[in-house]
Amino acid sequence: MRRYRLSLVLMLLFLMATVRVYATHIRAGEIIAELLDCQSNTYRFTLIGYTDTGSTVLFGGGEMKFGDGSAPIGFTPGNPDFFQDLGDEVALNIFYAEHTFPGPGTYTISYREFNRNASVANMDNSVNTPFYIETQIVVDPFFGCNNTPVLLNPPLDRACVGKAFFHNGGGWDFDGDSLSYHIVVNKQDVDMPVVNYRLPNVYDIETVPGVTNEDGTGPPTYTLDPVSGDLIWDAPGTEDEYNIAFIVKEWRYFPDLNEWFQMGYVTRDMQILVEDCDNERPELTIPEDTCVEAGTLLEEVIRADDPDGHRITISSFGGPYELSSSPATYNPQPDDPVNPQPTPAFIDFQWQTNCSHVRSLPYQITFKAKDFPDRLEGPSLVDFDTWEVTVVGPAPEGLTASPLTGRRVSLDWNQYACESFAGTMQVWRRVDSYEFEPDNCEVGMPDYAGYTLIATVPIDQIDYIDTNNGAGLDYGATYCYRLVAEYKLPSGGLSYASEEICVTIEEDEGQFGPVITKVSVLETDTENGEIELQWTSPFDADQGLYPPPYTY
């Protein structure tokens, strides 16, 4: 009997150890969809899993479903298509899978694997709770070809008790779609949240007496900026392990409908490990948001300071580094031999922009400063900051205007410098000159300039005849013109406005009509304002062109 009890105890210990090991390998994950063939609706899916290198359990033992009724697929655990040890007890595992959808539709692609870590604080019974993530895509010829966003910043950073925690997924969309970020509840299956989930700050408020934010001015907060993607937990109240999740939605604008359509989303499910520490996070200094004309060499120095005097690395991620044509660079890289640097630390950012980079939305370039304290001071802390840079198309050049008979104007201009990437040329007109020099981020034609859009022509067209829709232009009036290039969707974007060119419509023999020659505001008042008008005599007008009666 004693021997039986000993065997039972050993078996229970073994099972407990097995459950513990089996349940502690998945730290975070997401699914990315890359379009391989727009005509056949064929995609390549990237299953990304961040795992605990201290566990002997291998990632990949779950099932991926494609949301179209087809059979789920599995992967060989421990045999990913790509593996990398990222340090801090985190490894990157990537599996690839190709799938062709039967036709248009909205599809939810999911992956589910057993199990989550034991002892996750802000959910119940995590050791027996599956890990579940999903990505949604819209397949529809009306919306055009589409890839999901990718998250460029891995979830590696740890948190300190009493110190604000920062994370930014670094979302980037290759199609130029707009992205928004949203907090969601972690799931264990489709439409099935984990049991008794609480946001990290809510859990701390419920369980940690007197818990406050970093400044001690109020309770802890947990926020996610919907535009920048900055996630801030201010601040963890106790050493523990927490799970969080957020989704990155992609939106595409259709000018003809004047409406934004959601093209899908990507879910990131991740862990935050909180430890005690005696450390202050570093602080970044980055440039002001800006706009640059395509073709500009953009160069900046990024600085980080550490209040404790610790060594620092500065890293950066964002769309400009992912471009196939003339991507941005920075030096030194985090793995450069000169890193970590003594405080203050610096990196040199450089980006030679070109026409292919023009788009309506700004590029988000995120910088991350990470300090390296002594082991006894606790884990490294980080600071994030995002710099927005909008690349604008150059102004059209060479615009000329010549009057033609019949009260018409002939316009000509040079071939557009970024013709391969723009789609149309807008022709704008106003009466009388209005000189303005566009501000740094003032693209297209501003409303205050008083111009009217009179035509939109193909980008390879370099002339236009203004007939005022066949009615002819007014004699004696001075008409001024500008051009604006409009770029192809989905990236979109407008150029700076061209320089202004003006022309006056002269009298044709026997065809002169009344022309207003002066408009002056004499008195400004909401009820008794006065304006002085002067005009040429209409009595010599051709009555065939300007039939009577005449009235003032």
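What you see is a predicted model; the values in this text were computed from it and never measured.

Visitor: What exactly am I supposed to notice about unusual backbone geometry here?
Guide: If a residue is not glycine, its phi is most likely negative; likewise, a peptide bond is most likely trans. Asp-234 connects to Ala-235 through a cis peptide bond whose omega is 5 degrees. Here Ala-235 shows up in the loop between strand E17 (230–234) and strand E18 (240–254). Thr-343 connects to Pro-344 through a cis peptide bond whose omega is -5 degrees. With respect to the secondary-structure elements, Pro-344 resides in the loop between strand E24 (329–331) and strand E25 (345–352). Its identity is not glycine, yet Asn-125 carries a phi of approximately 50 degrees, on the positive side. Examined against the element boundaries, Asn-125 turns out to sit in the loop between strand E7 (105–113) and strand E8 (131–139).

Visitor: Before we go on, may I ask you to explain the sheet that holds E17 in this structure?
Guide: Strand-to-strand pairing in sheets goes through backbone hydrogen bonds, with the strands running parallel or antiparallel. With respect to topology, 3 strands assemble into an open sheet ordered E11-E17-E16, the strand pairing being antiparallel. Pairing within the sheet leaves two strands with one partner each, and these edge strands are strand E11 (165–168) and strand E16 (221–224). Averaged over neighbouring strand pairs, the angle between their axes works out to 10 degrees when direction is ignored. Pairing between E16 and E17: 4 bridges, direction antiparallel. Directly across from Tyr-222, in E17, lies its bridge partner Trp-233.

Visitor: Please clarify how the confidence of the model for the protein should be interpreted in this entry.
Guide: When pLDDT is averaged along the protein, the result is 90; 92% of the residues meet or exceed 70. Across residues 1–23 the pLDDT falls below 50, and counting only partners more than four positions away or on other chains, this stretch makes 14 contacts in the model.

Visitor: Where do I start with the pattern of salt bridges in this structure?
Guide: Close approach of charged atoms allows side chains of opposite charge to pair. Taken as a whole and assessed by the stated rule, the structure comprises 18 salt bridges. The shortest N-O distance in the salt bridge between Glu-34 and Arg-44 comes to 3.2 Å. Taken together, the residues span a long stretch of sequence, with Glu-34 in strand E1 (residues 26–37) and Arg-44 in strand E2 (residues 42–52) at a distance of 10 residues. For Glu-34, a relative accessible area of 32% corresponds to the partly exposed category. For Arg-44, a relative accessible area of 28% puts it in the partly exposed group. For the salt bridge of Asp-269 with Arg-116, the shortest nitrogen-to-oxygen distance reads 2.7 Å.

Visitor: Please explain a negative patch on the surface as it appears in this structure.
Guide: Judged by side-chain charge, Glu-293, Glu-397, Glu-435, Glu-437 and Glu-499 come together as a negatively charged surface patch. Inspection of the secondary structure assignment puts Glu-499 in the loop between strand E33 (478–487) and strand E34 (501–504).

Visitor: What should I look at first to understand the sheet that holds E33 in this one?
Guide: Spatial ordering of the open sheet is given by E31-E30-E33-E34, a layout of 4 strands whose pairing is antiparallel. The sheet is open, and its two edges are formed by strand E31 (452–458) and E34, each paired on a single side. With direction set aside, neighbouring strand axes in the sheet form an average angle of 25 degrees. Looking at chain direction, strand E30 (residues 422–431) and E31 are connected through 6 bridges and run antiparallel.

Parameters at a glance
Residues numbered from 1 in each chain as written. Predicted model: local features only at pLDDT ≥ 70, side-chain atom pairs only at ≥ 80, totals over all residues. Heavy atoms only, no water. Helix = DSSP H or I, 4+ residues; strand = E, 2+ residues; numbered from the N terminus. Pairing = 2+ DSSP bridges. Axes fitted to C-alpha atoms, helices over the stretch in contact; angles between N-to-C directions. pLDDT = per-residue confidence, 0-100. Contact = heavy atoms within 4.5 Å. Salt bridge = Lys/Arg side-chain N within 4 Å of Asp/Glu carboxyl O. Buried < 20%, exposed > 50% of the residue type's maximum accessible area, 1.4 Å probe, protein only. Patch = residues over 30% accessible without salt bridge, like charges linked within 9 Å, V, L, I, M, F, W, Y side chains within 5 Å. Areas by Shrake-Rupley, 256 points an atom, 1.4 Å probe, with all protein chains shown as cover. Lys, Arg positive; Asp, Glu negative; His and termini not counted. Charge placed at Lys NZ, Arg CZ, Asp CG, Glu CD.

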